[in-house]
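# Results of the structural survey
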Amino acid sequence: MMAPITQTRQGTDRHPFLLSVEDVAQQLGTNIETGLTARQVAELRNVFPPNELEGGGGVSWYKILLKQISNAMILVLVFAMALSFGVNDYIEGGVLAAVIFLNVSIGFFQEFKAEKKMDSLRALSSPSASVLRDGKNEVIPSAEVLPGDIIILKTGDTVPADVRVFEAMNLNCDEKSLTGEAEPVEKRIAHDVRIPGSDNLATEEGEVGIGDRFNMAYSTTTVTKGRGRGIVTFTGMQTEVGKIAASTTKKTRKAGRSMNYKKYGKTQPVKGGARRVYDFIGKFLGLTEGTPLQRKLSALAYLLFGCAILLAIIVFGVNRFNVTDEVAVYAISTGIAIIPESLIAVLTITMVVGMTVMRKANVVIRDLSALEALGGITNICSDKTGTLTQGAMIVKKVWLPKVGIYTVNHSTDPSNPTQGTVTKGPEPFPTSTSDEKNDDDRQLTFDVPPAKLAKDQQNRNVSEDEKVAELTPQLEAFLVPTALCNLATVLLEKTEGDRKEKWQTTGEPTEIALQVFVRRFDFGKKRLEADGWKQIAEFPFDSSIKRMSVVYRDPETNDSMIYTKGAVERILDLCSSIGTGSNNETMTEEMKERVIAQMDELAGQGQRVLAVASRTWDGDFPEQHGSNVDSLRTKVEQELTLIGLCSEAGIKVHMLTGDHPATATAIAKEIGIIPHNLSILPAEVSASIIQKATDFDALTDAQIDDLPSLPLVLARCAPDTKTRMIQALRRRGLYMAMTGDGVNDAPSLSSADVGIAMGLAGSDVAKGAAKIVLTDDKFNSIVAAIREGRRMFDNIQKFVMHLLASNVGEVILLIAGLGFQDESNQSVFPLSPLQILWINMITSSFPAFGLGREQASSEIMRRKPHSIKYGVFTPQIIVDMLVYGILMGTCTLLTFVIIIYGVYDGRLGSDCNRYYQTDTYLSSCEPVFRARAAVFAELTWLILVAAWEFKSIRRSMFRLDPATQSRFPFFKDVYENKFLFWAVVIGAVSVFPAVYIPGLNTKVFKHVGISWEWGLSFGAVVVFVLGVEAWKTVKRATGWFISEEENEEERRGGRFGLRQGFWGRARSRASSIRSLSRRGTEMSEGSSIGDKVAEMGALSAAPTTRSLLTAQREGEGEQV
């Protein structure tokens, strides 16, 4: 993709900002003193459409309905319904029709209501305009404005169209919503527009962005000061805002779909045509478009449909393809058994409940799928009022008392411990004599790269006093506690779509940086624990005391070691000594002052400081899992020893803005996005760290992909520039949300995986392009939305497994039932078709709804986003579904066999699939009907109990909370979700009337009342529970289906506690932005920009978004 293509114009040979006023008036055939004549107006109305934006007239209800009907699962159900009516099974067909109606109507009314609320593109048009026609002033509807009209502007007016200004008396326009420019732009009439960054006059449209065309006033912008006149040059969809509105719905052809054989070769028409057909079929089937969950569910629907056809063929084959009505009904029933009819309804209602929760949290969800998608985003992108973030920090310095300073050089990748070098320099100040002591404490400092000052430059180049760092006992004494008092992970692994291995990290940015540093010396936490270091206890980070501690057992000495990490001032007060080994000495007031002086020096360079401390616990430490005991904490965190300081470089932020490059650079430096002195960065990075949009747009996609990193600041961004940045991120394998408020954000909001618009300050075009709207414009609402999205995703996994496991059990039972043939060689149903539908729609649905209402786990915001590759159907979910389905099928099949062959000598009666008759002993359907009743009751209870089991896919149903002190917390745990509890209880009781009500049992369900058979059903439930618990035990014991960091978390039951801390610091610095100016004009909104960039900094602190929750929970003012 090259530079932007010039748009078609309405009547001028070049863009009007390049022409003189006289040339514009001449080419448009108007008079600047009298305006258009009545005859010209009549002629122009026949040439130009009304001055309105297209697509703003309202949402088409039939399109929403078509979208709901074309759902893959609905199409499968429609096919099954048609077959049922085709074999005159009207009851089954009617039930399926009701299921289809329920699924479609819920989704339709929800989305229709949301679309009607948000359809506001027409509201952008100003209601009236003051024009000069035939020498007279007229006020006309803005829709009647034509090219060539003379517009009169004054303070408070909304510009009705794009205007070439020819008279300006202190005229200022607010173009923030269009260009992102923070300050009103002063208009002038000259056409000597220069190319930004040079003294050359612009000669082509593409050389100057719309924000620098100072002689143009744009449609939908407002006049904030002064008065003026201008010539209308563009109207309707040809205006800049019209082009943006068009680009939100414009469909771009994917690469490789061209049919041009001259450009791409003779085989291109075949290749391009095949790919277009593939795209069409994939879109129609829902397999190539939509959110990850939508695509996975579409694939599931067609897979199940294929399985249903295969099962039908098996049924026909067993009956030698003698397809009678009875055989067809059996085949349809088997196919229905594998399709979760209630899945779409459960999914939709779960999302509607999620939308209700979000509405209370000031988040309006326009598209049901958007909330689910939020749970899987890996990046949040934004313009200047937010940030485009990919986050991490880098350890830059480590200070060890009486040892020296270790410096990390030439490292720009925060996740890669192999990049750069570590050198050791001399001690920065004299030290006291040593005094051996058995304690030690280290200090760490963190450097936020944007806030670096000139002093930081000295550490970028290796001085003569520095040498390559070597592992020494003193450094090892620092590395061990730094690695172990840490909850982050650093792994070298392959990512989706990547053939090469890359360093992947999870955790808080501060802890990731520390873990990356220790990995430089091969001292990672994983290696130490493999060498025998065993964690005994953990005291999580507490914002009131600003520290955390862990207790480990040393494999060599068998001593219990206390390792503490936290704010320097808090740790220093707990220390009685400083240094390790021969460098250890008693902590004196003089030494404390030296430590504080060292800390202040680093803090003065814009760095944050953290301390690490350790001591040996006398005797055996009392082993208590997690050991969050306040009484012990006081005893543990005392008599510590100070060991060193460590500095980190902070969050890497990409800012997209419509501001002038100088303003954007000043804001980026002040807030902390880029260093104050770019010379401290590698040459290739500093060359691309700040770019103008015109330069970025001139790059091809391949050139952008070859950049070592994307630009940190893009100034004068056009809408297409932001869209290209989104595409560049997507090509790097990321799944992102885009936030924005201006008209210029609309294309990027539309092209992002999830668009999030601001509801208060946002333009209507932005709201129309977004899937999610924040009604309070607060980024905390994004935190709430992500949390709700993750909670919903977890619950979707649970109820999908619940529904499909029962389907697997039913299919096993029915396929085995093909071998149960009566006197006429007809296969006998172990379950009747209406029993299957009752179980799938009634029995399974309400517990599934209950699972959809499960509360979020405590770790939900401290883990990385779920895998887009697997989506809902992770290997663990698939295996669990098969294991539990086989358990259900085996238990129910054995019950049927015991009753028929163990008690009733294999009597299967005659025509028992359709009637209940007891004419003769051999033809009697009593045994079959009793066996069906027992199997029906048993399968119902198994499904209901499974819902309680699936509250956690790994933990025992009898101890869902491992931290509970209760001996038997089962009843408390299951009653916590009251909806699920009563769904299970009422569902279990409903079996009895279904079995015993006369007429309903024999004519509808094809079963009869039972007596002793209840014992078999109840016993099977016990066997099933034992089987599920055994499988969960195996998974926990072996660590199957769980990642390394999750396995560690499960093993120790700990919590992630230490928060990153940049957020609080960034907010405290935000007020300084007020001092920034642009061309001598004070920035009126600098404070809000700083606040929001700081808030997004917290969002970007870790790829896992763990910092989102900790920032919200621990308060804005905290600083580690």
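Sequence order as written defines residue numbering, which begins from 1 separately in each chain. Predicted model: local features are reported for residues with pLDDT of at least 70 only, side-chain atom pairs are reported and counted for 80 or more only, and whole-chain, interface and lining totals are derived from all residues. To get the side-chain values, take all heavy atoms of the structure and skip hydrogens and water.

### Some details on the overall build of the chain
A count of helices and strands for the chain gives 40 helices and 33 strands. For the chain, contacts bridging at least 24 residues in sequence account for 73% of all contacts bridging at least 6. The Shrake-Rupley method, run with a 1.4 Å probe, gives the accessible areas here. Residue values count only the displayed protein chains as cover. Counting every atom, the chain has about 44600 Å² of accessible surface; 56% of that belongs to carbon and sulfur. Strands here are runs of E lasting at least two residues and helices are runs of H or I lasting at least four, both read from the DSSP assignment and numbered beginning at the N terminus. Whether two residues are in contact is decided by their heavy atoms, any of which lying within 4.5 Å being enough.

### What about helix 9 (residues 268–285)?
Three- or four-residue spacings in an α-helix give side chains the same orientation, since the helix completes a turn every 3.6 residues. By this rule the span expected of a helix is its residue count minus one, scaled by 1.5 Å. Taking 1.5 Å of rise per residue, 18 residues should cover 26 Å, and helix 9 covers 25 Å from first to last C-alpha, within 8% of that figure. Partly exposed residues are those whose accessible area sits between 20% and 50% of the maximum for their type, while under 20% is buried and over 50% is exposed, using a 1.4 Å probe and protein chains only. Of the residues making up helix 9, those classed as buried are Q268, G272, D279 and G282. Each buried residue of helix 9 lies within a common arc of 95° when the element is viewed along its axis, so the set occupies one face. Seen from the open side of helix 9, the exposed residues pointing more than 90 degrees away from its buried face are V270, Y278, F280 and F284. Buried residues along helix 9 sit in contact with helix 8 (261–264). Remark: G286 follows helix 9 within two positions and exhibits a positive phi of approximately 75°. Throughout, the arc means the angular range of directions from the helix axis out to the C-beta atoms.

### A short note on the packing of aromatic side chains
Stacked, edge-to-face and tilted labels apply to pairs of Phe, Tyr and Trp rings (six-membered ring for Trp) whose centres lie within 6.5 Å, assigned for plane angles under 30 degrees, over 60, and everything in between, in that order. This structure, assessed with the given rule, holds 27 aromatic pairs. Each ring, one from F846 and one from F849, has its centre 5.8 Å from the other, and the planes form 80°; the classification is edge-to-face. With F846 and F849 both in helix 29 (residues 845–852), this residue pair falls three residues apart, about one helical turn. Here, a charge over a ring means that NZ of Lys or CZ of Arg falls within 6 Å of the ring centre while also lying within 35 degrees of the ring normal. Positioned above the aromatic ring of F523 is the side chain of R527, whose terminal nitrogen or guanidinium carbon lies 5.0 Å from the ring centre.

### Here's the deal with the pairing of strand 13 (residues 421–425)
The pairing criterion is simple: DSSP has to find at least two bridges between the two strands. Where strand 12 (residues 404–409) and strand 13 come together, five bridges link them in antiparallel fashion. Of the residues in strand 13, the one forming a bridge with I405 is G425. Bridge count between strand 13 and strand 15 (residues 467–468): two bridges; the pairing is antiparallel. Following the sheet pairing, T423 is matched in strand 15 by V468.

### Things to note about the nonpolar core
Nonpolar side chains in soluble globular proteins tend to end up buried together. Throughout this description, the term nonpolar core refers to a set of buried Ala, Val, Leu, Ile, Met, Phe, Trp, Tyr and Cys residues connected via side-chain atoms within 4.5 Å. Among the nonpolar cores identified, the biggest contains 114 residues, and L343, I796, F799, V800, L831 and W948 are the most heavily contacted of them. Top element by residues in this core is helix 31 (residues 926–949). It accounts for 17 residues. Discounting chain neighbours no more than four positions away, the residues touching W948 are M957, F970, V974, L980, F981 and V984. V193, L714, A728 and A746 belong to the second-largest nonpolar core, a separate cluster that totals 35 residues.

### A look at a nonpolar patch on the surface
Taken together, the side chains of V277, F280 and I281 present a nonpolar region at the surface, about 310 Å² in accessible area. Relative to the helices and strands, V277 resides in helix 9. Judged by relative accessible area, V277 falls into the partly exposed class, the value being 48%. Exposure above 30% relative accessible area and the lack of any salt bridge qualify a residue for a patch; like charges then connect within 9 Å, and the nonpolar side chains Val, Leu, Ile, Met, Phe, Trp and Tyr within 5 Å. By salt bridge we mean one thing: a side-chain nitrogen of Lys or Arg within 4 Å of a carboxyl oxygen of Asp or Glu.

### Concerning helix 4 (residues 72–86)
Over its 15 residues, helix 4 extends 21 Å from the first C-alpha to the last, a length consistent with the 21 Å expected when each residue adds 1.5 Å. Considered for burial, the residues of helix 4 that qualify are A72, M73, I74, V76, L77, A80, M81 and S84. At the exit of helix 4 stands N88, carrying a positive phi of roughly 65°.

### A short note on the pairing of strand 11 (residues 394–400)
Along strand 11, seven of the seven residues are buried, which leaves the element largely enclosed by surrounding structure. Where strand 11 lies against strand 12, four bridges are found, and the strand directions are antiparallel. Bridge pairing in strand 12 links K397 to T407. Connecting the antiparallel pair strand 11 and strand 12 is a turn made up of three residues, with K402 showing a positive phi of about 65°.

### Topic: the packing of helix 28 (residues 833–843) against helix 31
It is at 11 Å that the axes of helix 28 and helix 31 come closest, and there the two elements cross at 20°. It follows from the interaxial angle that helix 28 and helix 31 lie roughly parallel. The two elements helix 28 and helix 31 cross, and the hand of that crossing is right-handed. Note on element contacts: helix 31 touches helix 28 through R932, F936, L939, T940, I943 and L944, opposite Q835, W838, I839 and T843. A fitted line through C-alpha atoms serves as each axis, taken over the contacting stretch for helices, and the angle formed by two N-to-C directions is quoted from 0 to 180°. Under this scheme an angle from 65 to 115 degrees is roughly perpendicular, one under 35 degrees roughly parallel, and one over 145 degrees roughly antiparallel; angles in between are oblique. Each crossing gets its handedness from the near helix: less than a right angle anticlockwise from the far helix is left-handed, clockwise is right-handed.

### A word on unusual backbone geometry
Positioned with a positive phi, K402 is a non-glycine residue whose angle comes to about 65°. Looking at where K402 falls in the secondary structure, it is placed in the loop between strand 11 and strand 12. Given the relative accessible area of 27%, K402 is considered partly exposed.

### Some remarks on the pattern of salt bridges
Tallying each qualifying case throughout the model produces 24 salt bridges. Across the pair E511 and K565 runs a salt bridge, and its minimum N-O distance is 3.0 Å. Within this pair, whereas E511 is found in helix 15 (residues 509–519), its partner K565 is found in strand 20 (residues 560–567), the two being separated by 54 residues in sequence. This pair shows no difference in class: E511 is buried, exactly as K565 is. A salt bridge links D705 to R731; the nearest nitrogen and oxygen atoms lie 2.9 Å apart. Taken together, the residues D705 in helix 23 (residues 701–706) and R731 in helix 24 (residues 719–731) connect sequence positions 26 residues apart. Classification of D705 by relative accessible area gives partly exposed; the value is 33%. The network of salt bridges with common partners includes D701, D705, R724 and R731.

### Examining the environment of G644
Position of G644 among the secondary structure elements: in the loop between strand 24 (640–642) and strand 25 (645–649). Once the C-alpha coordinates of G644 and V595 are considered, the two residues, 49 residues apart in sequence, prove to be 9.1 Å apart.

### Comments concerning the state of the cysteines
Disulfide assignment relies on a single distance test, namely cysteine sulfur atoms paired within 2.5 Å. Per the stated rule, a full pass over the model turns up one disulfide. Paired through a disulfide, C912 and C925 show a sulfur-sulfur distance of 2.0 Å. Across the disulfide from C912 to C925, rotation about the S-S bond amounts to roughly -95°, and the bridge is consequently left-handed. On the criterion of sequence distance, the pair formed by C912 in the loop between helix 30 (875–903) and helix 31 and C925 in the loop between helix 30 and helix 31 is long-range, its members being 13 residues apart. Each of the two residues, C912 as well as C925, counts as buried.

### With respect to the packing of helix 12 (residues 343–360) against helix 29
The description of two packed helices rests on the angle between their axes and on the distance between the axes. Where helix 12 meets helix 29, the axes come as close as 10 Å, and the angle between the chain directions of the two elements is 30°. Between helix 12 and helix 29, the crossing angle belongs to the class labelled roughly parallel. You can see that helix 12 and helix 29 cross each other, and the crossing is right-handed. Counting all contacts with helix 12, which are made through A345, V346, I349 and T350, the residues of helix 29 involved are S845, A848, F849 and G852. Tallied by class, residues from the contact of helix 12 with helix 29 come to five nonpolar, three polar and no charged. Amino acids outside the nonpolar list (Ala, Val, Leu, Ile, Met, Phe, Trp, Tyr, Cys, Pro) and the charged list (Asp, Glu, Lys, Arg) are all regarded as polar, and Gly is one of them.

### Some details on the confidence of the model for the chain
What pLDDT reports is the predictor's confidence in each residue, on a scale of 0 through 100. Residues at a pLDDT of 70 or more form 76% of the chain, whose mean pLDDT is 76. Every residue in residues 120–126 scores below 50 in pLDDT, and together they form 22 contacts with partners more than four places removed in sequence or on other chains. Every residue in residues 384–392 scores below 50 in pLDDT, and together they form 56 contacts with partners more than four places removed in sequence or on other chains.

### Let's talk about the side chain of N409
Among the secondary structure elements, N409 is positioned in strand 12. For the purposes of these results, a polar contact is taken to be a pair of N or O atoms within 3.5 Å, where, inside protein, one atom must be able to donate a hydrogen and its partner to accept one; residues adjacent in sequence count only when each atom of the pair is a side-chain atom. Only 3.1 Å separates the side chain of N409 from the side chain of T423, close enough to count as a polar contact.

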